[in-house]
Amino acid sequence: MIFWRAIAAATLLAAAPALLAGEIAPEARRSGYSFMGPDTRAMQDDDTSNPGMLFVLDGEALWTKKTGSADKACADCHGDARSSMKGVAARYPAFDKALARPVTLDQRINLCRANHQQASALPYESRDLLALSAFIAHQSRGVAITAGDEPELKPFVAQGRDLFMQREGQLNLACTNCHDDNFNKRLAGAPITQGQPTGYPLYRLEWQTLGSLERRLRGCMTGVRAQAYDYGSPELVALELYLMSRARGLPVETPAVRP
Amino acid sequence: MAALINVPAKAKRGDIIEIRALTSHIMETGFRHTVDGALVPRDIITSFTCRYNATEIFRADLFPAIAANPYLSFFTIAKESGKLEFEWIGDNGYSSSASASITVE
């Protein structure tokens, strides 16, 4: 028995030398979409039944709306989002040279508002911010995720990975305990997914609205009875970055629908 | 508010066609409380109407148990080319409309 186990372990190590224990091989990565039932898939697939598209429509209107004391719209600098924003969300969180740290797409929108539009920051999870980020991320639908490739991001990806592997909360669980080791099983009837962030911001039927990856992460933290990090905190950004780098190669689905 | 309408652009006379309408609305039930105990007032869509060339073909009353961003699907018979108009009416004077055209051959 021990002998066979040793052989199995040796084979695994030989097959995936770069992977650490518990990590998912690139070819085995699966979007949350593949864990859903046919009804929810149908809802996501048809743009006229996907409620996330309502937010994309709102975001499209905001894209061309002049705002702030600079009286500029996003479109005044970036032009047609269909070409200028294609593939952008697949690279986020991205490294910001001025701040010397990674920023999420939501933070980038607010930096743009502060620096170029002289407008006030949109609160996290506000309808306008979700609509704008959904509209921008929607332009990358089908583009393979490449976030975390920049060399400057390396320490932040490592920090996110540490947080992913770290047990926390009263239930003393790490993200990896469910999403690396036990995906495809069920937790109280709901499928455990790999936790690949392919479709954010996404429409969650439980929320009855669109929500960001940070909201989802905070939900998981509350679930293991840990103190959730604040929106925009360096820890959440690092986790988001690690999750995106972990989903490398999967196509963006924004706006996805999830149960 | 934003609405997404799915009506076939073309149909044969006498065909049964499916019409789908999704609109954006929070559908606040009026049963929830804030963290400090205040009741969140009800804010829902109460009525939906669809008119096909000014003739009403479908009407629905909506209630607090209906999810946010209500999605309605129903069928009608394609009779003539023209316009389908959709109207949502709700609490606090809410009103929203959308339209789609259809060609019947």
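It should be emphasised that the depicted structure is a prediction, and the values quoted were computed from it without experimental measurement. (Residues numbered from 1 in each chain as written. Chains lettered and ligands numbered in written order. Predicted model: local features only at pLDDT ≥ 70, side-chain atom pairs only at ≥ 80, totals over all residues. Heavy atoms only, no water.)

1. Digging into the overall build of chain B
Then, number 1: When you go through chain B residue by residue, the secondary structure sums to zero helices and eight strands.
Then, number 2: Order of helices (α) and strands (β) in chain B, N terminus to C terminus: β-β-β-β-β-β-β-β.
Then, number 3: Against the 2.2 N^0.38 benchmark of 13 Å for 105 residues, chain B shows a C-alpha radius of gyration of 16 Å, more extended than a compact globule.
Then, number 4: Dimensions along the principal axes, computed over C-alpha positions, put chain B at roughly 60 × 20 × 20 Å.
Then, number 5: Partitioning the intrachain contacts of chain B with sequence separation of at least 6 by distance along the chain shows that 58% fall at a separation of at least 24.
Then, number 6: For chain B, the accessible surface area stands at approximately 5800 Å², while carbon and sulfur atoms represent 54% of it. (Helix = DSSP H or I, 4+ residues; strand = E, 2+ residues; numbered from the N terminus. Rg over C-alpha atoms; globule rule 2.2 N^0.38 Å. Contact = heavy atoms within 4.5 Å. Areas by Shrake-Rupley, 256 points an atom, 1.4 Å probe, with all protein chains shown as cover.)

2. Some words on the domain arrangement of chain A
All names here are of chain A.
Then, number 1: According to the domain assignment, chain A contains domain 1 (43-48 + 149-258) and domain 2 (52-138).
Then, number 2: The straight-line distance from the C-alpha centre of domain 1 to that of domain 2 is 21 Å.
Then, number 3: Listed as interface residues are 23 residues of domain 1 and, on the opposing side, 24 residues of domain 2.
Then, number 4: If you sort the residues of domain 1 by the area they bury against domain 2, Leu 210, Val 237 and Pro 255 come out on top, with a joint share of 22%.
Then, number 5: Summed over the shared surface of domain 1 and domain 2, the number is four residue pairs in polar contact (both at pLDDT 80 or more).
Then, number 6: Residue assignment for the side of domain 1 that touches domain 2 shows that the elements contributing at least two residues are β6 (209-211), α10 (213-223) and α11 (234-246). (Domains from an automatic or database assignment. Buried area = accessible area lost by both parts, 1.4 Å probe. Polar contact = N/O pair within 3.5 Å; in protein donor to acceptor, adjacent residues only side chain to side chain.)

3. Describing the sheet that holds strand β1 (residues 3-6) of chain B
Then, number 1: Pairing is antiparallel across the open sheet formed by three strands, whose spatial order is β1-β3-β6 (chain B). Each having just a single partner strand, β1 and β6 (71-77) of chain B make up the two edges of the open sheet. On average, adjacent strands in this sheet sit at an angle of 15 degrees to one another, irrespective of strand direction.
Then, number 2: Here β1(B) runs beside strand β3 (residues 16-23) of chain B; their pairing, made up of four bridges, is antiparallel. By the bridge assignment for β3(B), Asn6(B) is matched with Arg20(B).
Then, number 3: Contacts from helix α3 (residues 52-63) of chain A reach β1 and β3 of chain B within the one sheet, and its direction differs from that of β1(B) by about 120 degrees. (Pairing = 2+ DSSP bridges. Axes fitted to C-alpha atoms, helices over the stretch in contact; angles between N-to-C directions.)

4. Some details on empty space enclosed by the protein
All names here are of chain A.
Then, number 1: Taken as a whole and assessed by the stated rule, the structure comprises two cavities of 30 Å³ or more.
Then, number 2: In this model, the largest cavity occupies a volume close to 270 Å³.
Then, number 3: Lining the largest cavity are 20 residues, and of these Leu 105, Tyr 200, Pro 201, Leu 213 and Glu 240 lie nearest its centre.
Then, number 4: Mapped by element, the contributors of at least two residues to the lining of the largest cavity are α6 (105-115), α7 (127-138), α10 and α11.
Then, number 5: Here the residues of the lining of the largest cavity are counted per class, giving 12 nonpolar, five polar and three charged.
Then, number 6: Reported here for the second largest cavity is a volume of approximately 40 Å³.
Then, number 7: Considering the residues around the second largest cavity, the lining is formed by Leu 163, Gln 166, Glu 168, Cys 175, Met 221, Tyr 229 and Leu 239. (1 Å grid on protein atoms, 1.4 Å probe; cavity = no way out; pocket = protein on both sides within 12 Å on 5 of 7 lines; lining within 4 Å. Points joined across faces, edges and corners; volume = space filled by probe spheres on them. Nonpolar A, V, L, I, M, F, W, Y, C, P; charged D, E, K, R; others polar.)

5. Digging into the nonpolar core
Then, number 1: Counting 32 residues, the largest nonpolar core has Trp63(A) and Leu132(A) as its most contacted members.
Then, number 2: Only α3, α6 and α7 of chain A provide two or more residues apiece to this core.
Then, number 3: Element by element, the count of residues in this core is highest for α7(A), at eight residues.
Then, number 4: Residue assignment places this core across two domains, with domain 1 (43-48 + 149-258) and domain 2 (52-138) of chain A each supplying three or more.
Then, number 5: By size, the runner-up hydrophobic cluster in this structure holds 25 residues, among which are Ile19(B), Ala21(B), Phe48(B) and Ala60(B). (Core = buried A, V, L, I, M, F, W, Y, C linked by side-chain atoms within 4.5 Å. Buried < 20%, exposed > 50% of the residue type's maximum accessible area, 1.4 Å probe, protein only.)

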